[in-house]
Amino acid sequence: MDLDLPVWFEIGSLVVLVLILAADLLLILKRPHIPSTKESTLWVVFYVTLALIFAGLMWIFAGGEYAGQFVAGWLTEYSLSIDNLFVFVLIMSQFSVPRRYQQEVLMVGIIIALVLRGLFILVGAAVIEQFSWVFFIFGAFLVWTAYRQAFPGGDHDDDVQRENFIVRMLRRTVDISDHYDGAKIRTVVDGKKMFTPMIIVFAAIGVTDLLFAIDSIPAIFGITQSPFIVFTANLFALMGLRQLYFLLGDLLDRLRYLHYGIAFILAFIGVKLVFHAMHVNELPFINNGQHIEWAPEISTWTSLGVIVASMAVATVASLIASSRDKRKADTPDAAASVVAEEKGTPPTV
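One numbering rule holds for all chains: residues counted from 1, following each sequence as written. Per-residue local features of the predicted model are confined to residues with pLDDT of at least 70, and side-chain atom pairs are confined, for both listing and counting, to 80 or more; whole-chain, interface and lining totals are unaffected and use all residues. Side-chain calculation: all heavy atoms of the structure are included, whereas hydrogens and water are not.

### Points about the side chain of Thr-232
Now for step 1: Relative to the helices and strands, Thr-232 is located in helix α9 (residues 227-238).
Now for step 2: Between N or O atoms, a polar contact is any pair within 3.5 Å; within protein, one atom must be a potential hydrogen donor and the other a potential acceptor, and residues adjacent in sequence are included only when both atoms are from side chains. From its side chain, Thr-232 meets the backbone oxygen of Phe-228 in a polar contact 2.8 Å long.
Now for step 3: At a separation of 3.2 Å, a polar atom in the side chain of Thr-232 contacts the main-chain carbonyl oxygen of Ile-229.
Now for step 4: In what follows, a contact means two residues having at least one pair of non-hydrogen atoms within 4.5 Å. Residues in contact with Thr-232, not counting those within four places in the same chain, are Leu-14, Phe-54 and Phe-70. Strands are runs of DSSP state E lasting at least 2 residues, helices are runs of H or I lasting at least 4, and numbering of each runs from the N terminus.

### So, a nonpolar patch on the surface
Now for step 1: Exposure above 30% relative accessible area and the lack of any salt bridge qualify a residue for a patch; like charges then connect within 9 Å, and the nonpolar side chains Val, Leu, Ile, Met, Phe, Trp and Tyr within 5 Å. Where accessible areas are quoted, they stem from the Shrake-Rupley method and a 1.4 Å probe; at the residue level, only the protein chains shown are allowed to cover. Salt bridge, as used here: a side-chain nitrogen of Lys or Arg that lies within 4 Å of a carboxyl oxygen of Asp or Glu. Taken together, the side chains of Trp-8, Ile-53, Leu-57, Ile-60 and Phe-61 make up a nonpolar region of the molecular surface, amounting to roughly 520 Å² of accessible area.
Now for step 2: The greatest single-element share of the nonpolar patch, amounting to four residues, is contributed by helix α2 (residues 37-62).
Now for step 3: You can see Ile-60 is positioned in helix α2.

### A look at the packing of helix α3 (residues 64-94) against helix α8 (residues 198-221)
Now for step 1: Note on definitions: angles span 0 to 180 degrees between N-to-C directions of axes, and those axes are lines fitted to C-alpha atoms, for helices only across the stretch in contact. Viewed as axis vectors pointing N to C, α3 and α8 meet at an angle of 155°, and their least axial separation amounts to 10 Å. The angle between the axes of α3 and α8 places the two elements in the roughly antiparallel class. Two packed elements cross with a definite hand, and for α3 against α8 that hand is right-handed. Each of Gly-73, Thr-76, Glu-77, Leu-80, Asp-83, Asn-84, Val-87, Phe-88 and Ile-91 in α3 lies in contact with α8, whose residues at this interface are Val-201, Ala-204, Ile-205, Thr-208, Asp-209, Phe-212, Ser-216, Ala-219 and Ile-220.
Now for step 2: Only Asp, Glu, Lys and Arg are considered charged, only Ala, Val, Leu, Ile, Met, Phe, Trp, Tyr, Cys and Pro nonpolar, and every remaining residue, Gly among them, polar. When the residues that make up the contact of α3 with α8 are grouped by side-chain class, the tally is 10 nonpolar, five polar and three charged. Should an angle fall under 35 degrees it is called roughly parallel, over 145 degrees roughly antiparallel, and 65 to 115 degrees roughly perpendicular, with every other angle called oblique. The crossing is said to be left-handed when, going from far helix to near helix, the turn is anticlockwise and less than a right angle, and right-handed when the turn is clockwise.

### A word on the pairing of strand β2 (residues 192-195)
Now for step 1: Pairing between strands is defined by DSSP: at least two bridges between the two strands are required. As paired strands, strand β1 (residues 186-189) and β2 are joined by four bridges and run antiparallel to one another. Paired with Val-188 across the two strands is Lys-193, which belongs to β2.
Now for step 2: Hairpin geometry of β1 and β2 is characterised by an intervening segment of two residues between the two adjacent antiparallel strands and by a positive phi of about 55° at Asp-190.

### Overview of helix α5 (residues 134-150)
Now for step 1: A rise of 1.5 Å per residue sets the reference length of α5, with its 17 residues, at 24 Å; its end C-alpha atoms lie 24 Å apart and thus fit the reference within 8%.
Now for step 2: The buried label applies to any residue whose accessible area, calculated with a 1.4 Å probe on protein chains only, is under 20% of its type's maximum; exposed applies above 50%, and partly exposed to all values in between. Along α5, the residues that are buried comprise Val-134, Phe-135, Phe-138, Gly-139, Leu-142, Thr-145, Ala-146, Gln-149 and Ala-150. Along the long axis of α5, the arc covered by the buried residues comes to 135°, so they all point the same way. The span expected for a helix works out to 1.5 Å for each residue beyond the first. Throughout, the arc means that of the directions going from the helix axis to the C-beta atoms.

### Some words on the nonpolar core
Now for step 1: Note on terminology: a nonpolar core comprises buried Ala, Val, Leu, Ile, Met, Phe, Trp, Tyr and Cys residues joined through side-chain atoms within 4.5 Å. Of all hydrophobic cores here, the largest spans 89 residues; its most connected members are Met-58 and Phe-70.
Now for step 2: Per-element tally for this core: the top contributor is α3, with 15 residues.
Now for step 3: The contact partners of Phe-70, leaving out residues within four places of it in the chain, are Ala-51, Phe-54, Ala-55, Ile-229, Thr-232, Ala-233 and Phe-236.

### Examining α3
Now for step 1: The end-to-end C-alpha distance of α3 is 45 Å, a good match for the 45 Å that 31 residues give at a rise of 1.5 Å each.
Now for step 2: Of all the 31 residues making up α3, 26 are buried; the element is thus mostly covered by neighbouring parts of the structure.
Now for step 3: Just downstream of α3, Ser-96 is the residue with a positive phi angle, here 50°.

### Some points on the environment of Gln-94
Now for step 1: Checked against the element boundaries, Gln-94 lands in helix α3.
Now for step 2: The partly exposed category is assigned to Gln-94, whose relative accessible area is 22%.
Now for step 3: For the pair formed by Gln-94 and Val-201, sequence separation is 107 residues and the distance between their alpha carbons is 9.3 Å.

### Some words on the environment of Ala-204
Now for step 1: Structurally, Ala-204 can be placed in helix α8.
Now for step 2: Counting along the chain gives 113 residues from Ala-204 to Ile-91, while the straight-line C-alpha distance between them is 7.3 Å.

Here's what the structure looks like:
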């Protein structure tokens, strides 16, 4: 059964959400500042509450199944967006973006992400409509992505330090000043108009968003095939991401096992997609083009439970490990080792 929502609800929802994002952007441009923990917390709570209210409205207008698809999709995209924050932190650090102007950079990144994901959603929905076998490809891609997430063979620092092709091309083809000029993209140095390093930051953020969109869109299509739910789930996941960046701060470094939780979610959805592709199979070289009836269809609520449990276990395990390491670091022997390392002497006599 296809999602059947009143047209006024779909259009009204998108208009309201776009207006909220526009107001958020204008607030940043009008008053650039470093948000306090209280301010960031209130904004994050506001956006999470807004998403839950939207889920409630979906339940009223479309039923529990589609409301569950939205919540599962939103949580999946939200967890992937938090992983995105790790890379944003490293980009800000590498290019020494003044903290006062990091809000503008994040907001531009969010807008780029929305545009890219919107395009991917349109293409993905059209492909799925015509070719059900694409779920085999999506599923295999997500399982491979999960493996790469769990065993990256490197770290985010390496990925960021190796500047991507677009950033290198910008450095070679345009004049870029050595210093920032507020949040401006263009500035004047010795009477000559030049780009500021902000243009490189925007390019790096944009490429990062593109890579994350390639991972995240197949993941949410594994939960729902409704373009409206896919887009709104992405929209809600990205709303409040800027405030979450400042709220989490150093906590990001403590979430050491988060990537394992995300990897498990991606692998689970990948397997779910493969099962779905088998269940609706039409490829002539697989089971003579017949549906594979024994392939299970994993329910939305099972998916939601797996997503919540995975993120909860990864977060709790990370915080426990971080707390244990902190206790070890506070011991006299650990303190002596730190001092000895600074002085270049043996830790014990």
